[in-house]
Amino acid sequence: MSLPLLRKAKFSAGRSRPAPPSETPPAPSVRLVEVDEAHDGQRLDNYLLRLCKGVPKSHLYKAIRGGEVRVNRGRVAVDYRIAVGDVIRVPPFRIPEAPVRFVPPTEFPTVYEDDALLAIDKPAGVAVHGGSGVDFGVIEQLRRARPQARFLELVHRLDRDTSGLLLVAKKRSALVGLHQSLREGRWNKHYLALVAGDWVNERQHVRKPLTKWSTQSGERRVKVDPAGQPAHTIFTLKRRYGAYSLLDAELKTGRTHQIRVHLSSCGFPIVGDDKYGDELATADAVQRGFRRMFLHAHSLRLPHPLTGEPLEFEAALPEDCIKFLQQLENP
């Protein structure tokens, strides 16, 4: 076959010419990533989950166990603790393209900050992280507001409709230390909650085990269950407001929705709680202009994660909560 025929065959094989190389996305390739100080001591699987966002967890585990992921040229287990200077071989995962969502850079009211941790006063209505129908939360907004920060991680969680104290670690060593002191029960956490009903005892211990379950629509819920995890809350009456009571709730354990479910199970649901609350009390609050759950992370005492120095934080009740209490006091 002559050269002209070859050229003719090449261009008649398709109706349009292929895109120039510059327009073709590069194929995934092996990466060698060196571990820095910010990730010293982190589990390999957790490190990769963040490094390779969008890759299913099962794919990552399969790659680690199959030897596609290697550390310093050797095979390791999924729970291997990476160290500064480790070189990780990351195979060419194909990550599905996700729609780009705008995350507004946001700083939240700062209660305390040093080189290791940040304590903020989270507003009600703001999720702590994205997911479950929420594009972004506090941590994503903080990272956008502080692009120079090499490490920012949530230490614990608050429900979206709960306001108050939230801790963010600025170093991995601080995150590890905070989690350790939390497991050891060295945190002293107090919340303020307004409940429907005239609370009986000045001080009451509630010990009711809790378990998670899901509704038919897939909504996550928690209920009292003898076979559930132990949960302990201490409630102290702060003030009576006729048909309402303001309580201090001290968490001795940290189960999901613990305060909300304990109060609801005792017959004193939190005002504005859309999952476990009382419709009449919530409707009355809305009529008075209060449109949120009255639960606020008020104070926190704990040891500093690096120095052991005692720390004590406090976040005052938000203005909308104060105004609602004033209405109840002066009907």
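Here's a quick rundown of the structure. Within each chain, residue numbers correspond to sequence positions counted from 1 in written order. For a predicted model such as this one, the threshold for reporting local features is a pLDDT of at least 70, and the threshold for listing and counting side-chain atom pairs is 80 or more; totals across whole chains, interfaces and linings nevertheless cover every residue. Neither water nor hydrogens contribute to the side-chain values; these are computed over all heavy atoms in the structure.

1. With respect to the side chain of Arg 172
Link 1 in the chain: Starting at the N terminus, helices and strands are each numbered in turn, a helix being any DSSP run of H or I of at least four residues and a strand any DSSP run of E of at least two. Note on placement: Arg 172 falls in helix 5 (residues 172-183).
Link 2 in the chain: Per-residue accessibility, obtained with a 1.4 Å probe over protein chains only, is compared with the maximum for each type, and a residue is labelled buried under 20%, exposed over 50%, and partly exposed between these values. Neither His nor the chain termini are counted; the positive set is Lys and Arg, and the negative set is Asp and Glu. The salt bridge criterion pairs a side-chain nitrogen of Lys or Arg with a carboxyl oxygen of Asp or Glu, the two atoms within 4 Å. For the buried Arg 172, no salt bridge is present, and the opposite-charge side chain at shortest range is Glu 153, 4.9 Å distant.
Link 3 in the chain: In what follows, residue pairs with any heavy atoms lying within 4.5 Å of each other are defined as contacts. In this view, Arg 172 contacts Ala 38, His 39, Asp 40, Gly 41, Gln 42 and Phe 151; residues no more than four positions away in its chain are not counted.

2. Points about the nonpolar core
Link 1 in the chain: The criterion is simple. A nonpolar core is a set of buried Ala, Val, Leu, Ile, Met, Phe, Trp, Tyr and Cys residues joined through side-chain atoms within 4.5 Å. In this structure, Leu 167, Ile 259, Leu 263 and Phe 313 are the most contacted members of the largest nonpolar core, which totals 48 residues.
Link 2 in the chain: With residues near it in sequence (within four places) discarded, Leu 167 still touches Leu 117, Leu 118, Ala 119, Glu 153, Leu 154, Val 155, His 156, Leu 178, Trp 187, Leu 300, Leu 302 and Phe 313.
Link 3 in the chain: Listed in part, the 18 residues of the second largest apolar core include Leu 48, Cys 52, Ile 82 and Phe 93.

3. With respect to the pairing of strand 8 (residues 188-196)
Link 1 in the chain: Burial analysis of strand 8 places nine of its nine residues in the buried class, which makes it a mostly covered element.
Link 2 in the chain: Here strand 8 shows two buried faces, one formed by Asn 188, His 190, Leu 192, Leu 194 and Ala 196 and the other by Lys 189, Tyr 191, Ala 193 and Val 195.
Link 3 in the chain: Two strands qualify as a pair provided that DSSP identifies no fewer than 2 bridges between them. As paired strands, strand 8 and strand 14 (residues 295-303) are joined by six bridges and run antiparallel to one another. The partner of His 190 across the bridge, within strand 14, is Ser 299.
Link 4 in the chain: Direction of pairing for strand 8 relative to strand 13 (residues 244-251): antiparallel, over a ladder of eight bridges.

4. A few points about the packing of aromatic side chains
Link 1 in the chain: For Phe, Tyr and Trp, rings pair up if their centres lie within 6.5 Å, where Trp contributes its six-membered ring, and each pair is then called stacked (planes under 30 degrees apart), edge-to-face (over 60) or tilted (otherwise). Counting across every chain of the model gives six aromatic pairs.
Link 2 in the chain: Measuring from ring centre to ring centre gives 5.5 Å for Phe 290 and Phe 294, while their planes differ by 40 degrees; the resulting arrangement is tilted. You'll find Phe 290 and Phe 294 in the same group, each marked buried.
Link 3 in the chain: An aromatic cluster is built from Tyr 244, Phe 290, Phe 294 and Phe 324, whose rings are joined through pairwise contacts.

5. Focus: empty space enclosed by the protein
Link 1 in the chain: A 1.4 Å probe that fits but cannot get out identifies a cavity on a 1 Å grid over protein atoms alone, an open set with protein on both sides within 12 Å along at least five of seven lines counts as a pocket, and a residue lines either if it has an atom within 4 Å of a point. Grid points are joined across faces, edges and corners, and a volume is the space filled by probe spheres set on the points. Here the structure, examined in full by the defined rule, presents one cavity of 30 Å³ or more.
Link 2 in the chain: In this structure, the largest cavity occupies an estimated 60 Å³ of space.
Link 3 in the chain: Lining the largest cavity are His 156, Leu 158, Leu 165, Lys 189, His 190, Tyr 191, Ala 297, His 298, Ser 299 and Leu 300.
Link 4 in the chain: Mapped onto the lining of the largest cavity, the elements with two or more residues apiece are strand 8 and strand 14.
Link 5 in the chain: Just so you know the grouping, Ala, Val, Leu, Ile, Met, Phe, Trp, Tyr, Cys and Pro go in nonpolar, Asp, Glu, Lys and Arg go in charged, and all remaining residues, Gly too, go in polar. Tallied by class, the residues present in the lining of the largest cavity amount to five nonpolar, four polar and one charged.

6. Examining helix 7 (residues 279-287)
Link 1 in the chain: Near the N-terminus of helix 7, the side chain that reaches the backbone nitrogen of Leu 280, with its oxygen 3.1 Å away, is that of Asp 278.
Link 2 in the chain: The first or second residue beyond helix 7 is Gly 289, which carries a positive phi of 95 degrees. N or O atoms closer than or at 3.5 Å make up a polar contact, with two conditions inside protein: a donor-capable atom paired with an acceptor-capable one, and, for residues adjacent in sequence, both atoms drawn from side chains.

7. Examining the sheet that holds strand 2 (residues 70-71)
Link 1 in the chain: If you walk across this open sheet you meet the three strands as 1-3-2, and the pairing is antiparallel. Whereas interior strands pair on both sides, the edge strands pair on one side only; in this sheet they are strand 1 (31-34) and strand 2.
Link 2 in the chain: Where strand 2 meets strand 3 (residues 87-90), two bridges bridge the pair, whose relative direction is antiparallel. Paired with Arg 70 across the strands is Arg 89, a residue of strand 3.
Link 3 in the chain: The sheet contacts of helix 2 (residues 44-51) involve strand 1, strand 2 and strand 3, and relative to strand 3 the element is tilted by about 55 degrees. Between the N-to-C directions of two axes lies an angle of 0 to 180 degrees, each axis being a line fitted to C-alpha atoms and, for a helix, fitted only over the stretch in contact.

8. Points about the pattern of salt bridges
Link 1 in the chain: Tallying each qualifying case throughout the model produces 17 salt bridges.
Link 2 in the chain: For the salt bridge of Arg 146 with Glu 107, the shortest nitrogen-to-oxygen distance reads 2.9 Å. In this pair, Arg 146 sits in the loop between helix 4 (138-145) and strand 6 (153-154) while Glu 107 sits in the loop between strand 3 and strand 4 (110-113), placing the two residues 39 residues apart along the sequence.
Link 3 in the chain: A relative accessible area of 44% means that Glu 107 is categorised as partly exposed.
Link 4 in the chain: Between Glu 113 and Lys 170 there is a salt bridge whose closest N-O contact spans 2.9 Å. Note that Glu 113 is positioned in strand 4 and Lys 170 in the loop between strand 7 (163-169) and helix 5, a separation of 57 residues in sequence.
Link 5 in the chain: Exposure remark for Glu 113: the relative accessible area of 34% places this residue in the partly exposed category.
Link 6 in the chain: Owing to a relative accessible area of 23%, Lys 170 belongs among the partly exposed residues under this scheme.
Link 7 in the chain: Connected through salt bridges with shared partners, the residues Glu 107, Glu 113, Arg 146 and Lys 170 form a single ionic network.

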